[in-house]
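# Fold and geometry: a report
Single-letter residue listing:
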Amino acid sequence: LHPELKWGIGGNLAQAEAEKESLLSDAAWASLLAALLILGGVVVYFRSPWSLIIIIVPVLLGISAAYAFAAVAYGYVNTAGLFLGAIILGNGINYPIVLLSRYREFVSLGMAPAEARQKAVWNAFRAEFVGAAVAAIAYGSLSLTQFRGFSQFGTIGFIGMLLVWLAIIPCVPASIVIVERLQARLPSFLRDPKIKSSEDG
């Protein structure tokens, strides 16, 4: 064969494999871009990279659990479900953002950190549950369709949104305490002035 001549396998199977690899690549890039834009907005809003640690943990747990459920229940994730991680991230990140904002608000009013965490969790437990339930129901309604692509998408979205909300209750307060204790050991220029040391209360 001529050195510049290229050859490959054709047909339906080869084409399907190429389309699958292209979809996986597109899904990975779309999810990465969405994550960078969303998390970048969080840093700008809170003016602190430390907030990412507090906010991202429950969201990643919810997304991971949703895909784990799909792996166990279905054995695979279909084309529609590939892009669902970015959607759950975009919607679910609201819940830890609100909880952290409430905590900072209560601390700025003079509450001790322990009391502020408790009040923020109770506030988010009630208010954010409504938002999570509405989003979960909206996704879950797709699971009633006959089309398996939408059905799996709806089920994963339903579980993912509820699990993100559920994860904020233990994860956000614990992450706040960990971040505060880590910052107490750092030089002053690396600390977030808006996060009060947990040792103060």
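Our next topic: the pattern of salt bridges. A side chain with one charge may pair with a side chain of the opposite charge, provided their charged atoms come close. Per the stated rule, a full pass over the model turns up 2 salt bridges. Arg102 is the partner of Glu105 in a salt bridge, and the nearest nitrogen-oxygen pair spans 3.6 Å. With Glu105 and Arg102 both in helix α5 (residues 94-108) and 3 residues apart, the pair spans about one turn of that helix. The exposure class of Glu105 is partly exposed, given its relative accessible area of 36%. Take Arg102: its relative accessible area is 32%, and that puts it in the partly exposed class.

Our focus in this paragraph is the side chain of Thr155. With respect to the secondary-structure elements, Thr155 resides in helix α7 (residues 148-184). Residue classification places Thr155 among the buried residues on the basis of a relative accessible area of 16%. Not counting the four nearest positions on each side in its chain, Thr155 is found in contact with Phe69, Tyr74 and Ser143.

Let us now look at the packing of aromatic side chains. Scanning the model with the defined rule gives 3 aromatic pairs in all. Judged by centre distance (6.4 Å) and plane angle (90°), the ring pair of Phe69 and Tyr74 falls under edge-to-face. On the basis of relative accessible area, Tyr74 is assigned to the partly exposed category, the value being 30%. On the numbers, 4.9 Å between centres and 55° between planes, the contact of Phe129 with Trp165 is tilted. Of the two residues, Phe129 is situated in helix α6 (residues 113-140) and Trp165 in helix α7; the sequence distance between them amounts to 36 residues.

What counts, and at which threshold
Residues numbered from 1 in each chain as written. Predicted model: local features only at pLDDT ≥ 70, side-chain atom pairs only at ≥ 80, totals over all residues. Heavy atoms only, no water. Salt bridge = Lys/Arg side-chain N within 4 Å of Asp/Glu carboxyl O. Helix = DSSP H or I, 4+ residues; strand = E, 2+ residues; numbered from the N terminus. Buried < 20%, exposed > 50% of the residue type's maximum accessible area, 1.4 Å probe, protein only. Contact = heavy atoms within 4.5 Å. Phe/Tyr/Trp six-rings, centres within 6.5 Å; stacked < 30°, edge-to-face > 60°.

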